[in-house]
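Residue-level structural notes
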Amino acid sequence: MSLYREKKGLLFFFLIIGLIPLFLNKFQAGGYYIGVLTPIGLYSLAAVGLNLLIGFAGQISLGHAGFMSIGAYSSVYVCAKLGYPAIYGIALSIIINCILAYLISKPILKLKGHYLAMATLGVGVIINIVFREFMYFGGGEGISVPDLKIFSFNFNDYKIKEIAYFYLAWSLTLASLVLSINFINSKAGRALRALHLNEIAAAALGINVSSYKTFIFVYSAVLAGISGSITAHYNSYILPSTFDLHTSIKLVSMVILGGVMDVKGAILGAFIITILPELLGKFDEYEGLVYGGIIIAALIFFPNGLISLIKKINAKILKLFKKK
Amino acid sequence: MELLSIDKLTKTFGGIGAVKNFSFSADSNRITALIGPNGAGKTTVFNLISRIIKADSGSIIYNNINLLNQKPHRLMQLGISRTFQNVVLFDNMPLIDNIMIGGHIKCHPGIIKYLFSFSLSWKEDKILREKSEYFLEFAGLKDKINSSIAELAFGQQRLAEIARALVSEPDFILLDEPAAGLNPKETEQLGELLCKIKALQKTILIVEHDMNLVMNISDKIVVMNFGEFLAEGKPADILANKDVISAYLGDDELC
């Protein structure tokens, strides 16, 4: 079945990703490249959840960086303020995001389209302001985050930090992808696509529209929260501005640029949105211009996301092999 | 035996009575047709039954359950499925998936379990797919099983929607103008399909403008006009009813 092939393809992709550090280590600049790939993995984690929300359920959120910051500050609270191990911080981030996203989703997901976009934008901004004004967490000055230690393994040990976070980020992304692919290839995936197009018809077919929307909102918020927690530990220091509106929009751009009808598109989007500014460094002051131009062009020529381009190339390669 | 009985149902939209004190019943294993001139409130009655809009007063009793206390998505579990006046198929997935959605309620009720288990949906989908293919064949779309929605002609989309309404094996099927936009041949096909569905011991409530179809297949016809009950009876009685004729063709005095 196609799903079997999809998972096999996924495994292959992650095997390559997993081998990258081994090759890069031979170069002097290896650390730099891995240092770029780790944030991509962390963004991917958040973008995968958002992809389900935007692409499959057809809801929009311009406030997901808010959930990332809740994840980050949960970790700070547990590790720095309470002194418990980091794993409890991640657990707390999951719990708080579950509860908060559930409470927010109940009134907010009744809104549609532009109104939902505005409301979620408001949520993101409010969360951001709370952390900026809340001096307990250092306010706008930010706060330092203790090392991520799981049992006695310290991820922040300077000798292995890049490699350790690289594998942590990408294995979490892999896990989230497997869960998401399971989900969308079941009755739940069909239900989400149905309510995306017509909520009334979906309800008439026996789909509990509000609970599906709530569930997918909470799921995406939890993934964003975990991503935020790990990001906090990885950066060792967090500022409220790390998770502001700009980050929310970046996440949505990743999802849309990568392709909304395929979860794997989120990874591609995260890759491009993160790496593009690095590649465009030589344009100096025109960097923003070129960056924006590339994104606009990509959306005009590949309205279904860049994943559709990859799929086309993939199909052509497969055809070539078959001919031989 | 009455499967569905509606009593004194009322619904007003901004002071205009769309449905006024409307009462009728549908017997089990029969085809009941709801007819009336444009704007009579037939589709409003349908939407009230399927809980898309809320009633002002009255009651809708199905199998001793008052539907007015039920949420829209619960109706499927009670055995009520419906089709729409403007065909609603989801063109973001293949036809077979569209039909499989009809069996949504027959799957495991949890959502979270589907995150962690692929084998669950694997097993369910296998059964559901077979069933969906069976009902597509039943509706006369055997050669379209692997098609996308866009490849279907409008008439075939109608049939597909009916097939979807059957997958959950409901007892009561609401059809909202299934013959609208169909040519005579397709309408004939539709009539045959509806008789085949009736033969499966199902109850059908149909809103329809095509009088030929209604007269041929219905066991009972309920006529409404301006949101009110006008007449009910066997097709032959309705054809002879003076009130019905004047409602459709207008009063003699006006001519």
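Conventions used here
Residues numbered from 1 in each chain as written. Chains lettered and ligands numbered in written order. Predicted model: local features only at pLDDT ≥ 70, side-chain atom pairs only at ≥ 80, totals over all residues. Heavy atoms only, no water. Contact = heavy atoms within 4.5 Å. Buried area = accessible area lost by both parts, 1.4 Å probe. Salt bridge = Lys/Arg side-chain N within 4 Å of Asp/Glu carboxyl O. Axes fitted to C-alpha atoms, helices over the stretch in contact; angles between N-to-C directions. Helix = DSSP H or I, 4+ residues; strand = E, 2+ residues; numbered from the N terminus. Left-handed = near helix turned anticlockwise from the far one by under 90°. Nonpolar A, V, L, I, M, F, W, Y, C, P; charged D, E, K, R; others polar. Pairing = 2+ DSSP bridges. Buried < 20%, exposed > 50% of the residue type's maximum accessible area, 1.4 Å probe, protein only. Patch = residues over 30% accessible without salt bridge, like charges linked within 9 Å, V, L, I, M, F, W, Y side chains within 5 Å. Areas by Shrake-Rupley, 256 points an atom, 1.4 Å probe, with all protein chains shown as cover. Expected span 1.5 Å × (residues − 1). Arc of directions from axis to C-beta.

Before going further, it helps to spend a moment on the interface of chain B and chain A. Each partner contributes to the interface: chain B provides 33 residues, whereas chain A provides 30 residues. Across the chain B/chain A interface, buried area totals approximately 2,900 Å², and carbon plus sulfur atoms make up 71% of it. Taken as a group, His104, Ile111 and Leu115 of chain B account for 25% of the area that chain B buries against chain A, more than any other trio of residues on that side. Between the two partners, chain B and chain A, sit 1 salt bridge.

All names here are of chain A. At a minimum axis distance of 7 Å, the contact between helix 3 (residues 64–82) and helix 10 (residues 245–258) shows a crossing angle of 115 degrees. Crossing of helix 3 against helix 10: the hand is right-handed. For the pair helix 3 and helix 10, the contacting residues are His64, Ala65, Gly66 and Met68 in the first and Thr247, Ser248 and Leu251 in the second. The residue makeup of the contact of helix 3 with helix 10, split by class, is 3 nonpolar, 4 polar and no charged.

A separate point is the sheet that holds strand 8 (residues 203–207) of chain B. Residues and elements named next belong to chain B. An order of 6-7-8-3-9-10 is seen for the 6 strands of this open sheet, with the pairing classed as mixed. Edge positions in the open sheet fall to strand 6 (80–82) and strand 10 (228–233), since each of these has one partner strand only. With strand direction ignored, the average angle separating the axes of adjacent strands in the sheet is 20 degrees. Where helix 10 (residues 242–249) meets the sheet, it contacts strand 3 (31–35), strand 9 (220–225) and strand 10, and its direction lies at approximately 125 degrees from that of strand 10.

Residues and elements named next belong to chain B. By secondary structure assignment, the location of glycine 140 is in the loop between helix 5 (119–138) and helix 6 (154–166). With a relative accessible area of 47%, glycine 140 lands in the partly exposed category. When the C-alpha atoms of glycine 140 and leucine 193 are compared, they prove to be 8.4 Å apart, with 53 residues separating the residues in sequence.

All right, on to a nonpolar patch on the surface then. Residues and elements named next belong to chain A. A cluster of nonpolar residues, Leu15, Leu19, Leu22, Phe23 and Tyr167, forms a patch on the protein surface that exposes about 510 Å² of accessible area. Examining the composition of the nonpolar patch, we find that 4 residues originate from one element, helix 1 (residues 2–24), more than from any other. Along the polypeptide, leucine 19 turns up in helix 1.

Attention now goes to helix 7 (residues 184–199) of chain B. Residues and elements named next belong to chain B. Along its 16 residues, helix 7 runs 23 Å from first to last C-alpha, staying within 8% of the 22 Å computed at 1.5 Å per residue. All of the buried residues in helix 7 are Thr187, Leu190, Gly191, Leu193, Leu194 and Ile197. With its buried residues spanning 165 degrees around the axis, helix 7 presents them on a single face. Among the exposed residues of helix 7, those oriented more than 90 degrees off its buried face are Lys185, Glu188, Glu192 and Ala199. Contacts from the buried residues of helix 7 go to strand 3, helix 5, helix 6, strand 7 (172–176), strand 8 and helix 8 (211–217). Glutamine 201 occupies a position one or two residues after helix 7 and carries a positive phi of about 65 degrees.

With that out of the way, let us pick up the pairing of strand 9 of chain B. Residues and elements named next belong to chain B. Across the 6 residues that make up strand 9, a large majority, 6, are buried. Across the two faces of strand 9 the burial is the same, with Lys220, Val222 and Met224 and Ile221, Val223 and Asn225 all buried. Strand direction decides the pairing type here: strand 3 and strand 9, joined by 4 bridges, are parallel. Residue pairing across strands places leucine 34 opposite valine 222, the latter belonging to strand 9. The pairing of strand 9 with strand 10 spans 5 bridges and is classified as antiparallel. For valine 222, the partnering residue across the bridge sits in strand 10 and is glutamate 232.

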